[in-house]
Amino acid sequence: MERRRVVVTGLGTVNPLAHDVDEFWDALLAGRSGAGPISLFDADGMPSRIAAEVKDFDTAVYMPRKASRRLDRSSLLFWAATKQAMDDAVLEFEDGDPAALRAGVVCGTGIGGIGTTQQQMATLADRGPSRVSPLAIPMIMSNQAAGAISIDFHLAGPSTCTVTACAASANAIGDAAEIIRRGVTDVMVAGGMEAAVTDFAMSGFASMKALTTRNDDPERASRPFDKERDGFLLGEGGGALVLESLDHAAARGARIYGEVAGYGMSADSYHITLPRPGGGGAARAMQGALDDAGVNAADVDYINAHGTSTPANEATETLAIKTVFGERAYELPVSSTKSMTGHLLGGAGAVEAVISLKTIESGVVPPTTNQTTPEPECDLDYVPNEPREVRVKRELSNSFGFGGHNVSLLFSSD
């Protein structure tokens with residue numbers, strides 16, 4: 001059976017730079033940072049007191065306030081991104097509509113409802129078990145967002161959740177594309193989110209020495225591929241894509257941003273938090289995406305790197321890119337937009353998929369900001385500090401997560 005082609009017809013995001021795709025894109029090209037002092041809790045005395053928060057997020061823009069109280073902040077971010085993407089795709093399903101049986105959702109998250117978990121644990125300790133909310137368990141479930149989207153948008157096809165740390169929402173997009181390719185559905189909402197800017201989560205990351213401590217200079221704290229990088233900047237946010245089979249999108253005259261042409265996965269099988277030295281696992285994920293798309297390394301025009309601003313990550317990813325692309329690696333623009341958004345953990349892959357598709361649409365590659373000090377181990381073209389006009393027909397987006405999860409997605413304009 002011929003494999004169905006899968007295209008993207010809708011985009012949505014809520015993240016530290018903006019609450020919609022167009023404003024987000026403008027902010028990226030302007031090199032704006034979403035970083036600042038933490039306002040969501042009192043961070044005094046913590047090693048890292050900065051983050052990339054979603055500011056001024058008003059749930060009433062998207063749903064009645066009463067309805068929003070049943071969802072954790074992380075799920076609300078994905079819900080808002082999904083509403084944007086569905087509106088952008090000009091798609092709507094009614095309850096009981098036969099077409100809704102062939103529409104589903106895959107949502108990725110690394111941690112899930114950690115904010116609600118902390119809040120309800122404090123309630124238990126301070127006020128006793130009778131005061132714990134009856135909504136506590138549904139709100140902390142990692143699959144809550146997928147369930148809420150399925151219910152609220154009347155998507156009666158497959159509804160699943162990927163939980164692979166920082167690779168989660170890239171996995172969600174790849175898995176959703178595979179569901180359409182198999183002919184199970186015609187439409188899928190895919191993406192993910194995270195809202196882990198809490199004192200517990202940041203304390204855990206700080207204990208691992210994973211976070212930047214550049215507290216006096218938050219906008220320059222995230223420095224992927226720079227010699228002076230000292231850890232990642234924690235961010236929050238979500239991104240959603242509407243995926244359709246090409247024939248379904250064409251039949252209804254939908255706008256098409258690009259194709260999900262390739263999906264590669266691998267495991268480092270090495271360490272729970274560190275990448276395998278040499279980047280073999282990451283290289284296999286990238287090569288897998290190329291093979292799945294049926295293209296060669298020479299056909300790729302840009303790489304949106306995982307690039308978290310941690311000492312081990314960038315050197316390893318650089319080696320992986322060289323393994324796959326050989327001498328071509330030195331000609332490829334490679335950038336990490338986490339230099340501006342911070343690291344959105346489970347939401348990173350989805351937001352970076354939005355960036356990838358906007359790059360293909362616009363012919364402009366966003367920069368890696370804060371690149372000022374060369375790192376001998378990182379010697380590729382990281383598009384430092386300024387956006388660049390590049391004709392991008394095929395783009396690779398990398399997402400690597402704790403546990404050794406490696407995912408690469410290849411987007412194409414063909």
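A brief look at the structure comes next. The structure displayed is predicted, hence computed values, not measured ones.

**Side note on the overall build of the protein**
So, step 1. A count of helices and strands for the protein gives 13 helices and 14 strands.
So, step 2. In terms of overall size, the protein behaves like a compact globule, its C-alpha atoms giving a radius of gyration of 20 Å where 414 residues would be expected to give roughly 22 Å.
So, step 3. For the C-alpha atoms alone, the extent of the protein along its principal axes is close to 60 × 60 × 40 Å.
So, step 4. Counting only residues that meet the buried cut, the protein has 60% of its 414 residues in that class.
So, step 5. Counting only contacts in the protein whose residues sit at least 6 apart along the sequence, the fraction spanning at least 24 positions is 78%.
So, step 6. Summing over all exposed atoms, the protein offers an accessible surface of approximately 15,800 Å²; the carbon and sulfur share of this is 52%.
So, step 7. Where the 35 positive side-chain charges of the protein centre and where its 53 negative ones centre are 2 Å apart.

**As for the environment of F93**
So, step 1. Structurally, F93 can be placed in the loop between α3 (73-89) and β4 (103-108).
So, step 2. For F93, a relative accessible area of 7% puts it in the buried group.
So, step 3. Taking C-alpha positions, F93 is 26 Å from R3, a pair spaced 90 residues apart along the chain.
So, step 4. If near-sequence neighbours (up to four positions away) are discounted, F93 is found in contact with M86, A99, A100, A103, F153, H154, L155 and V187.

**Observations regarding the pairing of strand β13 (residues 394-401)**
So, step 1. Most of β13 sits inside the fold, with 8 of its 8 residues counted as buried.
So, step 2. Neither face of β13 is exposed, since R394, L396, N398 and F400 on one face and E395, S397, S399 and G401 on the opposite face are all buried.
So, step 3. Relative to β13, strand β9 (residues 302-304) runs parallel, the two sharing 3 bridges. Residue pairing for β13: N304 is matched across the bridge by S397.
So, step 4. Once β13 ends, the chain turns through 3 residues before running back antiparallel as strand β14 (residues 405-412), passing G403 with a positive phi of about 100°.

**Digging into the pattern of salt bridges**
So, step 1. For the structure shown, the criterion picks out 23 salt bridges.
So, step 2. The closest approach of N and O atoms between E178 and R181, which form a salt bridge, is 2.6 Å. With a gap of 3 residues between them, E178 and R181 both fall in helix α7 (residues 168-181), about one helical turn apart.
So, step 3. Residue class for E178 comes out partly exposed when judged on its relative accessible area of 25%.
So, step 4. Where E361 meets R255, a salt bridge forms, and the shortest distance between an N and an O atom there is 2.2 Å. Note that E361 is positioned in helix α13 (residues 348-362) and R255 in the loop between α9 (246-251) and β8 (258-267), a separation of 106 residues in sequence.
So, step 5. A relative accessible area of 36% means that E361 is categorised as partly exposed.
So, step 6. One continuous salt-bridge network, built from bridges that share partners, spans R3, E178, R181 and D292.

**Re the environment of F153**
So, step 1. Structurally, F153 is set in the loop between α6 (144-152) and β5 (159-162).
So, step 2. On the basis of relative accessibility, which here comes to 10%, the residue F153 falls in the buried class.
So, step 3. Separated by 225 residues in sequence, F153 and C378 place their C-alpha atoms 44 Å apart.
So, step 4. Contacts of F153, omitting those with residues within four sequence positions, involve W79, T82, K83, M86 and F93.

**Brief notes about the packing of aromatic side chains**
So, step 1. Applying the stated rule across the entire model yields 5 aromatic pairs.
So, step 2. Pairing W79 with F153 gives two aromatic rings, centres 4.9 Å apart and planes at 50°, and the pair type is tilted. Of this pair, W79 sits in helix α3 while F153 sits in the loop between α6 and β5; the two residues are 74 residues apart in sequence, bridging distant segments of the chain. There is no split in this pair, since W79 and F153 are both buried.
So, step 3. Relative to Y382, the ring of F225 has its centre 4.0 Å away and its plane inclined at 15°; by these criteria the two rings are stacked. With F225 in the loop between α8 (199-207) and β7 (237-245) and Y382 in the loop between β11 (364-365) and β12 (388-389), this pair connects stretches of sequence that are 157 residues apart.

**Structural notes on helix α1 (residues 21-29)**
So, step 1. Buried within α1 we find V21, F24, W25, A27 and L28. Summarising the axial view, the buried residues of α1 lie within an arc of 165°, below the 170-degree limit, and thus occupy one face. Residues of α1 that are exposed and angled more than 90 degrees away from the buried face: D22, E23 and D26.
So, step 2. Buried positions along α1 lie against β1 (6-14), α3, α12 (338-341), α13 and β11.
So, step 3. Between a side-chain oxygen at the N-terminus of α1 and the backbone nitrogen of D22 the separation is 3.1 Å; the capping residue is D20.
So, step 4. Downstream of α1 by one or two residues, G31 has phi in the positive range, about 75°.

**Here's the deal with the sheet that holds β9**
So, step 1. With mixed pairing, the 10 strands of this open sheet are ordered in space as β5-β4-β6-β7-β1-β8-β14-β13-β9-β10. Only two strands of the sheet have a single partner each, and these edge strands are β5 and β10 (334-335).
So, step 2. Here β9 runs beside β10; their pairing, made up of 2 bridges, is parallel. Looking at the pairing, I303 lines up with V334 of β10.
So, step 3. Across the face of the sheet, helix α11 (residues 311-325) comes into contact with β9, β10 and β13 while running at roughly 140° to β13.

Calculation rules
Residues numbered from 1 in each chain as written. Predicted model: local features only at pLDDT ≥ 70, side-chain atom pairs only at ≥ 80, totals over all residues. Heavy atoms only, no water. Helix = DSSP H or I, 4+ residues; strand = E, 2+ residues; numbered from the N terminus. Rg over C-alpha atoms; globule rule 2.2 N^0.38 Å. Buried < 20%, exposed > 50% of the residue type's maximum accessible area, 1.4 Å probe, protein only. Contact = heavy atoms within 4.5 Å. Areas by Shrake-Rupley, 256 points an atom, 1.4 Å probe, with all protein chains shown as cover. Lys, Arg positive; Asp, Glu negative; His and termini not counted. Charge placed at Lys NZ, Arg CZ, Asp CG, Glu CD. Pairing = 2+ DSSP bridges. Salt bridge = Lys/Arg side-chain N within 4 Å of Asp/Glu carboxyl O. Phe/Tyr/Trp six-rings, centres within 6.5 Å; stacked < 30°, edge-to-face > 60°. Arc of directions from axis to C-beta. Polar contact = N/O pair within 3.5 Å; in protein donor to acceptor, adjacent residues only side chain to side chain. Axes fitted to C-alpha atoms, helices over the stretch in contact; angles between N-to-C directions.

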